[in-house]
Each structure stands twice: as structure tokens, then as C-alpha cells.
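A structural walkthrough
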Amino acid sequence: MSAVPEPEQQRLDALLVEKRLFPPTAEFSARANAHDPGIYARADADPEGFWAEMAEGLRWMRPYERVLEWDPPHARWFLGGRLNVADNCLDRHCEGPRRNKAAIIWEGEAGDTRTLTYQQLRDDVARCANVLRSLGVARGDRVAIYMGMVPETVVAMLACTRIGAAHTVVFGGFSADALRERIRDAGCKLLITQDGAWRRGRVVPLKASARDALQGVPGVARTLVLRRVGDRAEPVTIPGEVDWHEAMTGASPLCPCEPMDAEDMLYILYTSGTTGKPKGIVHTTAGYLLGASLTHRLVFDLKEDDVYWCAADIGWVTGHSYIVYGPLANGATVLMYEGTPDFPERDRHWRIIDRHGVNIYYTAPTTIRTFMRWGADLPARADLGTLRVLGSVGEPINPEAWMWYHEHVGRGRCPVVDTWWQTETGAIMIAPLPGLVATKPGSATRPLPGVAAEVLDEGGQPVGPGGGGNLVLTRPWPSMMRTIFGDDDRYVRQYWSRYPGRYLTGDGAKRDEDGYFWLLGRVDDVMNVSGHRLSTYEIESALVDHPRVAESAVIGRHDDLKGQAVAAFVTLKESSEALSGEALKSELRAHVAQKIGPIARPDEVYFTAELPKTRSGKIMRRLLRDIAEGRALGDTTTLADPAVVQHLKEQYEESEGA
Ligand code: 7RM
């Protein structure tokens, strides 16, 4: 039996057809933070006025003189203004009723928990800031943070922010080489790491990787090391290391916030391009904080007593904007979980939601599809009655997964907000305001107030309803990246030269008759079959629509005749039925042909237990193309599990008789 039984499947299909539109309930709208539909028109009529009004929600140390200086493609926001992000995220809450409110409720993988109030978090951040100063870190320096999902990672980030140093968080799943490259590129002065991180009951040896990464990097004289796993990590020494706990014990909890210029750098976050070295995306102080906090409040409809959980990793931009800066600026209670969703059992997320009374839950489509594969009976056994809003981010969410999330997690009563944005945009750009916008499964709906997006054809003309093209943003926005660290030319070329004056997202999209945006994945992934442009995402959605399919990745492989041939890599739902491989393959090919058209019918279907994904859950189709075209694998440093792609390669070559 497949995880979603046949009658259930039919019911979901019927819902998709009948109820394509999910308008907000009257009850939700009445209480929603954004309840005035006029907000869109107001923001459109006077974007700078809109952002100025919104920026009143920040605490400024000195008022700004001008909202925007736009010298395309370079923007400066809130010129002359001074503020400090840690002051906004911590100190101002400590001066009022939020002082003893939980800022972070943390759950370790083993089930241990810790709660830090705003006051406690502020004190820890101030102590850590003093430690950083004592280790020679000053305003304008860069600090690398290579840690896991522990509260100290948040403390380290905010400590940098407090003294005006920029952090670059390197995801704990990255290798020593990847870490070294980022430390070098950013010119970091200090590294903060931990002995090891827990993952599925095992230790990820962060400190050992940190030691290896520092070989041949003379600029980093000191390393601050948090003990998390103690004896469970192999003993490693790093020259010039300082013990986190010892240093913190002696440090004063008094440390004033450095008044930063609105345009001072807040952080660098590296994101991998398709080719070449990773890009250090630069975010600055005021605009970023405004974007992250405003969208967090409006899109998730945050209420004072909410427990909010973003299940992303902190090393990803989603963790920066929606675990740390947005929620803390809003004085929210943030739930943070150290481990994986399947430890010790596959119901861990549902248990966490019930244990802590989570109201807002934000995760990625890949996680939702994994939950689907594990079966609806797991969430069914939980209460989940506290949930009020569900979010999705990271990839297009296919309608099947959207509906499953809505039905089985939200029990039909929580709006699902599909949030489109990028490391580069800093904050959510296209998403429903849940009290105002009717949602459609699979669509991120419309740009947020103040954001202007278009879908353009190759000639730069907006495409009409149903047409596909390049998604661009046509106006600067406060949380936009300012440059690529050390490579402004690449910033100009990559994002602003295709359509001058407009920001190229690199994503394909189409709009429907209501003007809603449907994201189609990265433009690099689009295929060309006999002169037809096909989106990998649409074929993947058609495959996932089949009751036996859990997840799929589709690529175009070079074909002498057609230009490209469609190859589909498919993960099946857990099933007790024996696989009749060939029969199922033809069934799947026919299913796609019937859903989209014969042109989209996959030439080849490969079954696989896993797909190559980044740690943030994005399928790395580029590697599948490398495999299918018999090339050496390109950069694999961002893979969650490098063994997956190696295994796939062997499997593929075997099946091709290569
Ligand atoms: C937040 C984040 C950015 C890329 C982006 C898209 C894809 C993200 C959605 C989405 C469709 C979504 N930052 N993407 N969210 N595609 N619908 N709701 O993921 O820099 O790591 O990636 O992710 O392709 O360009 S990111």
C-alpha cells in the first residue's frame, strides 16, 4: 500500500480541482496584522513613503536623512541613519514587558531543552561581544561562524552585530575546504566553532574540520570553541583556541551597542553559483532589518504570544532572516531544534509542535515531500491544534505537497504561505499576506507591498497570462543585496545586465489570469526539447502527482536529434508492493504525457532511493546532468550527502551498460 492510499489520493485530486482558491476566512482576516487591502496600492503609489512609514518600527540612534539613493544598480537606503541590529533585536525588548519573555526555546536532538529570555539572551550576547573584543575583533572586521543549531550560534551572530563586525556563517555541513575558501574570501579575523554537532545521534566533527580549514590561513589567529559534545568528539587542538565557556564566565554582561550606519555591512553569506566560486552576498544594516522584520510580522501574521518555528538551518539565509533577525526584531518566541526530523523517530517535528505549542511552522517543500513519503498517519497521531499558519520556502511547492501540508498538518484550518525569495533579496518578496490574499496550491501568489515583480520574455517585454519567462524585480527594495563581496563587477553583470535597471532573479516564472506568480525553478534548469521550452518543475510536479511517486528530479540530457532528451530521476513512496520496474516506468511516462503533453514524456526514468540535494533541500539537477552526460561531477561541496550522487552515478552507469 502506498503512503497516500488511493481513495485519499482521489480526495486530494478532487480538492485540487474544486477548491483551487483558498480565500482567507473572515475570522482570520479580522485578526490579521495586515488587514487593509489598500496596503498594496498605497505602497505602489509611493514606495519610498511606504518604506519610510514601515521603518518607524525600528529603533534608530540617529534619524536618517533620505530614504533612498538609487544609482542603478547600486542602492543606499536610509542614508545618514544610525542604529544597531542587536539593539533592535534585544535591548529594546528588555526595556519593556518582553524582558522576561522567552526569546529562544531550544530543543537539543537528545530531547534536552533550554529557554533563554530576552534578558538572558541580551546578557549572553553582551558577554560574547566582550569576548570578541578581547580577542581583537573590532568594528568592520569579519568573523566566520561554523556551528550547529545551538543557541550559542545566535549569540555569536548577535555579538558580532553588537560590536559592528560582520559575520559569515558557514553551514555546519560544509567541508573544511568550503570553510577555508569562505574564510579566505571574506578575510575573516576570527573563527567561532564547536567541538561537534549532534546529527542523528552521531557527532559531526566540526572542530576537526575547522582545524583542517585553518591550514594555510594565517589571518585567523584565534578560534573560539564551544563545547557541545565533550568527550564524544575526537580530541583536536587548534593553535590559539579559546574555550567559549571559560571566556564567557569571565566576561562582563555590559557592552554598549555600536551605533552603525544604516549602510554598514551586517553580514556576508555565501551562496553557490552554477559556475565559479561561491558568491559572498553582502547585506547591510537598516534595510535588511526592515525587510526581515516586516515580512516576518506580516507574512506569518505573528502575534505576541506565538511560538514560532522555522525549521531551516541557521547557515542558510532562511535561518538568518527567519530564525534570528526578523523574529527577534519582532520580539517573538523562537523555537529552535538541533537535529533532524527523523530522530529518534519520524514524528519528531509533530512531537515538538505539541510539546512546545508551536503556532507558526515554516519548512521546505523537500521536507514536506519527505513527510508525505513517511505517511499521513504520523501527523494524524499528533494533536497539532496550536498551529495557525504554515509556511513553505526553498523550492516551488508542487500542488500535491501543498494540499497534503494544508490537510494533514494544518488540518484544513491554517493558511499556507508559500514564500518566494533568495539569499540576494534578504527577505520574502512574493508571498500571500494571509489575511488578505486568497492562496492557490502551488503559487506564491503576488509580490508583497512595496515589491514590484514582472515576468519578461527574451526581448524584455512582460509576458501575458500563461506565458513563461524570466522573473525580475523592477524596483529596488530595502533588504536587497548591496554587492558581491570583493567582486562588484560580478554583481553588476550577473544580476543587472540582462535587463538594465531590473534585477534578474535567475528563476523562471509564469503568471496566470489573476496575475498570480507561479515559480518554475532556476532558468538554468529549463530544458529545450525539439524547440520546446520545458520547465523541469512542471514535469516533476506531474510525476509527483502519480500516487507512487514521492519526489523527482527532471533534467535535459544532450540528444543529437531533439536537442535535449528528458530524463527523470524518481524516488518512490514507501510501499510494500514489489516494484515492477518496467511497467511502472511506462506508467509514469504515460502519466506525464497525459498531464502535460507528449512532448514532455520522459525518455528515461530512473528509480533511486535518494536525490542529490543541498543541505537546504534544493535538488542539484546540475549534478544529475553531469551524470547523465557522462561528465566528471562539478562542485559537490554544497551537497547534503556526497555519497548519494556517487551511488547514483554508479547505478546510472550500470543501467546504461557503461
Ligand atoms: C530562501 C532561499 C533561492 C532560490 C530561488 C528559487 C528557490 C526559494 C521558493 C523558491 C519557488 C519558493 N534562498 N526558491 N523559495 N522557488 N518557490 N517559495 O531559498 O538563495 O537559498 O535560494 O530558491 O529558485 O531563486 S536561496
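Residues numbered from 1 in each chain as written. Predicted model: local features only at pLDDT ≥ 70, side-chain atom pairs only at ≥ 80, totals over all residues. Heavy atoms only, no water.

**Brief notes about the overall build of the protein**
- Across its full length, the protein holds 21 helices and 30 strands.
- Relative to its length of 658 residues, the protein is compact, with a C-alpha radius of gyration of 24 Å against a globular reference of 26 Å.
- Dimensions of the protein, computed from C-alpha atoms along their principal axes, come out at roughly 70 × 60 × 50 Å.
- Buried positions account for 62% of the 658 residues belonging to the protein. (Helix = DSSP H or I, 4+ residues; strand = E, 2+ residues; numbered from the N terminus. Rg over C-alpha atoms; globule rule 2.2 N^0.38 Å. Buried < 20%, exposed > 50% of the residue type's maximum accessible area, 1.4 Å probe, protein only.)

**Remarks on the side chain of His 546**
- When you line up the elements, His 546 lands in the loop between helix H18 (536-544) and strand E28 (549-559).
- With sequence-adjacent residues up to four places away left out, His 546 is seen in contact with Lys 573, Leu 584, Glu 587, Leu 588 and His 591. (Contact = heavy atoms within 4.5 Å.)

**Examining helix H6 (residues 118-134)**
- Here H6 contains 17 residues, and its C-alpha end-to-end distance of 24 Å stays within 8% of the 24 Å for a straight helix at 1.5 Å per residue.
- Here H6 lies mainly inside the structure; twelve of its 17 residues are buried.
- The set of residues buried in H6 consists of Tyr 118, Gln 119, Leu 121, Arg 122, Asp 123, Asp 124, Val 125, Ala 126, Cys 128, Ala 129, Val 131 and Leu 132.
- With its phi angle positive at about 95°, Gly 136 sits one or two positions after the end of H6. (Expected span 1.5 Å × (residues − 1).)

**Considering the pattern of salt bridges**
- By the definition in use, this model includes 52 salt bridges.
- For the salt bridge of Glu 69 with Arg 66, the shortest nitrogen-to-oxygen distance reads 3.7 Å.
- Residue classification places Arg 66 among the partly exposed residues on the basis of a relative accessible area of 44%.
- For the salt bridge of Asp 264 with Arg 139, the shortest nitrogen-to-oxygen distance reads 3.1 Å. A residue pair is termed long-range when its members are at least 10 positions apart, and Asp 264 in the loop between strand E13 (260-261) and strand E14 (265-271) and Arg 139 in the loop between H6 and strand E6 (142-146) qualify at 125 residues. (Salt bridge = Lys/Arg side-chain N within 4 Å of Asp/Glu carboxyl O.)

**Thoughts on empty space enclosed by the protein**
- Considering all chains together, one arrives at three cavities of 30 Å³ or more under this definition.
- Taken as a whole, the largest cavity holds about 120 Å³ of empty space.
- Along the wall of the largest cavity there are 17 residues; nearest its centre are Trp 51, Leu 294, Thr 295, Ile 428 and Leu 448.
- When residues of the lining of the largest cavity are traced back to their parent elements, those giving at least two are helix H4 (47-54) and helix H11 (286-299).
- Here the element with the most residues in the lining of the largest cavity is H11; it accounts for five residues.
- Here the element with the most residues in the lining of the second largest cavity is H18; it accounts for four residues.
- Of the residues in the lining of the second largest cavity, the class split is four nonpolar, three polar and four charged. (1 Å grid on protein atoms, 1.4 Å probe; cavity = no way out; pocket = protein on both sides within 12 Å on 5 of 7 lines; lining within 4 Å. Points joined across faces, edges and corners; volume = space filled by probe spheres on them. Nonpolar A, V, L, I, M, F, W, Y, C, P; charged D, E, K, R; others polar.)

**Topic: the site of the ligand**
- Looking at the ligand, there are 17 residues lining it, with Trp 316, Asp 418, Thr 419, Thr 423 and Lys 618 nearest.
- A distance of 2.8 Å separates an oxygen atom of the ligand from a polar atom in the side chain of Lys 618.
- Burial of the ligand by the protein amounts to 94% of the accessible area it has alone, namely 530 Å².
- Within the shell around the ligand, the residues separate by chemical class into seven nonpolar, five polar and five charged. (Near = heavy atom within 4 Å. Polar contact = N/O pair within 3.5 Å; in protein donor to acceptor, adjacent residues only side chain to side chain. Areas by Shrake-Rupley, 256 points an atom, 1.4 Å probe, with all protein chains shown as cover.)

**A word on the pairing of strand E4 (residues 102-107)**
- With six of its six residues buried, E4 lies for the most part within the structure.
- In the sheet, E4 pairs with strand E5 (residues 113-117) via five bridges, with the strands oriented antiparallel. Directly across from Ile 105, in E5, lies its bridge partner Thr 115.
- One ladder, built from four bridges, connects E4 with strand E17 (residues 333-337); its direction is parallel. Its bridge partner lying in E17, Ile 105 is registered against Leu 335. (Pairing = 2+ DSSP bridges.)

**Structural notes on the packing of H11 against helix H12 (residues 317-329)**
- Running from N to C, H11 and H12 point in directions that differ by 85°, and their axes come no closer than 8 Å. Taken together, the axes of H11 and H12 lie roughly perpendicular to each other. When H11 is examined against H12, the residues Tyr 288, Leu 289, Gly 291, Ala 292, Ser 293, Thr 295 and His 296 are found in contact with a partner set consisting of His 320, Ser 321, Tyr 322, Tyr 325, Gly 326, Pro 327 and Ala 329.
- For the contact of H11 with H12, the residue count by class is seven nonpolar, seven polar and no charged. (Axes fitted to C-alpha atoms, helices over the stretch in contact; angles between N-to-C directions. Parallel < 35°, antiparallel > 145°, perpendicular 65-115°, else oblique.)

By themselves, these are just geometric observations and shouldn't be taken as functional.
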